[in-house]
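Coordinates in review
One-letter residues, chain by chain:
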Amino acid sequence: MSPTPHAKHDIKDVLGLVAETDRPVPTPADDLARAQGAARARTQRRFRAGLAGLAVVSVLGVGAATVLDDADQQTTQVSPGGVELVAQQFDAAPYTFDLTPRGWSVQGQRPQAVTIAPDDGSTSDEPDDFVGKLVIMFDANPPSGDAVELDGRTFWVSDSGDGYTTMATRTRGDEPAGVVRIQYPRDAGWDEDSMLAFLASVHVGDSARLGVG
Amino acid sequence: MPRNSHSDRDSEFVAFTRDHRRDLLRTATLLCAGDEAFAEDLVQTTLTRLYLAWGRVRRADSPLAYARRSLTHVFIDETRRAHRRRETTVADPAGELVAEPVVPGADPDVRAVVLAALNSLGPRQRAVVVLRHWHDLDVADTATVLGCSPGTVKSQNARALAHLRTVLGAADHLLLEVSP
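Residues numbered from 1 in each chain as written. Chains lettered and ligands numbered in written order. Predicted model: local features only at pLDDT ≥ 70, side-chain atom pairs only at ≥ 80, totals over all residues. Heavy atoms only, no water.

Some words on the overall build of chain B
Broken down by element type, chain B carries nine helices and one strand. The order of helices and strands in chain B, counted from the N terminus, is α-α-α-α-α-α-α-α-α-β. Taking contacts inside chain B between residues at least 6 apart in sequence as the whole, the part at least 24 apart equals 64%. Only carbon and sulfur atoms are counted for the fraction: they give 51% of the accessible area of chain B, which is about 8,000 Å². (Helix = DSSP H or I, 4+ residues; strand = E, 2+ residues; numbered from the N terminus. Contact = heavy atoms within 4.5 Å. Areas by Shrake-Rupley, 256 points an atom, 1.4 Å probe, with all protein chains shown as cover.)

Digging into the overall build of chain A
A count of helices and strands for chain A gives three helices and 15 strands. For chain A, the residues scored as buried account for 45% of the 213 residues in total. Looking at chain A alone, contacts between residues at least 24 apart form 50% of all its contacts between residues at least 6 apart. As presented, chain A carries roughly 10,100 Å² of accessible surface, and 53% of it is formed by carbon and sulfur atoms. (Buried < 20%, exposed > 50% of the residue type's maximum accessible area, 1.4 Å probe, protein only.)

As for the pattern of salt bridges
In the structure shown here, the tally under the stated rule is 16 salt bridges over all chains. Salt-bridge contacts for A:Arg172 lead to A:Glu175; the nearest nitrogen and oxygen are separated by 3.0 Å. Judged by relative accessible area, A:Arg172 falls into the partly exposed class, the value being 23%. You can call A:Glu175 buried: its relative accessible area is 12%. The salt bridge partner of B:Asp23 is B:Arg68, with a shortest N-O separation of 2.7 Å. Highlighted residues: B:Asp23 in helix α1 (residues 6-31) and B:Arg68 in helix α4 (residues 63-80), separated in sequence by 45 residues. (Salt bridge = Lys/Arg side-chain N within 4 Å of Asp/Glu carboxyl O.)

Structural notes on α4(B)
At 3.6 residues per turn, the α-helix brings residues three or four places apart onto the same side. The end-to-end C-alpha separation of α4(B) is 26 Å, in line with the 26 Å expected for 18 residues at 1.5 Å each. Among the residues of α4(B), B:Leu64, B:Tyr66, B:Ala67, B:Ser70, B:Leu71, B:Thr72, B:Val74, B:Phe75, B:Ile76 and B:Glu78 are the ones counted as buried. (Expected span 1.5 Å × (residues − 1).)

Details of the confidence of the model for chain B
For residues with low pLDDT, the predicted coordinates do not support detailed interpretation. Residue and element names in this part refer to chain B. Of all residues in chain B, 76% attain a pLDDT of 70 or more, and the chain-wide mean is 80. Per-element confidence in chain B ranges from a low mean pLDDT of 37 for helix α5 (residues 93-97) to a high of 95 for helix α7 (residues 123-134). Below a pLDDT of 50 lies the segment residues 82-104, which in the model reaches 32 contacts outside its immediate sequence neighbourhood of four places, other chains included. (pLDDT = per-residue confidence, 0-100.)

Details of the side chain of A:Thr171
Residue and element names in this part refer to chain A. For threonine 171, the location among the structural elements is in the loop between β13 (164-170) and β14 (179-185). Within polar-contact distance, the side chain of threonine 171 engages the backbone oxygen of proline 176 at 2.7 Å. If we ignore the near neighbours within four places in the chain, the residues touching threonine 171 are Phe138, Arg153, Pro176, Ala177, Gly178, Val180 and Val204. (Polar contact = N/O pair within 3.5 Å; in protein donor to acceptor, adjacent residues only side chain to side chain.)

Let's talk about the sheet that holds strand β6 (residues 95-97) of chain A
All names here are of chain A. One open sheet holds the three strands; their spatial order is β5-β6-β15, and the pairing between them is antiparallel. Among the strands making up the open sheet, the edge pair consists of β5 (90-92) and β15 (202-204). The mean inter-strand angle of the sheet, taken between neighbouring strand axes irrespective of direction, is 20°. Alignment of β6 against β15, held across three bridges, turns out to be antiparallel. Looking at the pairing, tyrosine 95 lines up with valine 204 of β15. (Pairing = 2+ DSSP bridges. Axes fitted to C-alpha atoms, helices over the stretch in contact; angles between N-to-C directions.)

Description of the packing of aromatic side chains
As enumerated under the stated definition, the model contains eight aromatic pairs over all chains in all. A centroid spacing of 6.3 Å and a plane angle of 20° characterise the contact between A:Trp190 and A:Phe198, whose relative ring orientation is stacked. Summarising the burial analysis for this pair, A:Trp190 and A:Phe198 share the class buried. Taking 5.8 Å as the distance between ring centres and 75° as the angle between the ring planes, the aromatic pair formed by B:Phe13 and B:Trp54 counts as edge-to-face. Residue B:Phe13 is found in helix α1, and its partner B:Trp54 is found in helix α3 (residues 54-59); the two are separated by 41 residues along the sequence. (Phe/Tyr/Trp six-rings, centres within 6.5 Å; stacked < 30°, edge-to-face > 60°.)

Structure representation (structure tokens):
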């Protein structure tokens, strides 16, 4: 296409004039090797974080509230980082969960939020300190992030950029109107599939209250 | 929920890359206003992120659309980083860009002028133009990708198009025909 002076052009054609490049394209194998290297580096970071957690346990011991672990539960999902979700319902009123994360315990429950901490003692005992923990929140803020469809519901996934991922979904029609979201640390052994399944298993009770923030 | 093995992920990733890498590079080239090294960085970063969250790619209605969104997010993130102090304007845009590689079929003068015009837009305005007019996303979808309101998309788009009309018209090469 060779435009003549003063000819009218559609903007898409104009963008097409400059979008093409003659730069050599790397092979898919190059991209795969690079991505696999990043995946290995992430796994090593998680492994090191796990060892650090164990070291803290040996010194401080563990004091958790409601233990969610149970030997006769059916494991439904194991994330690559090793965290298991089992098909066992538990209550953290006013919230109910159809899946239970093995080795994690409810540390704090309020009408606006639930805090779930690992049993390895790697996090603080303060329920309002969310570092290293799962936090389930209920609020009226609009969800944002990448939209993911799962079992007829839309979930929004966003990386906060500080080592945490937040997922959000609107409550079901028979639940109080709002958005339920979960924030989790990416280095604690969870993966997105597991966390989406866990968030999808949350039921919001009538006494839940919208948080502010 | 069925789980696929790592080898499944690898083979799917390779197939996806083979089919869509060039598309992503074209988008990145527009977002970067012709900075080919920056565009290649964006594509590599995007592909790596996609691999690390391949479950999300699988679940997406359109993996390519998902990848394009991710690419746009990587671009916005990168332009926010302080260490990337890339100029958004140059004193003599056409002169600066005349050394751009020549692509067969494209008039090098026109290419330089168009790239200079894109380069003179802010990163988010450029993203709006690319999403709206290259990928044909509507206002609502563009707003979702960029995490802003539809009104912001409309105003950014209108300003960007007005600017492009002015710059391209002044260059005496192109009269842009656009619908806001």
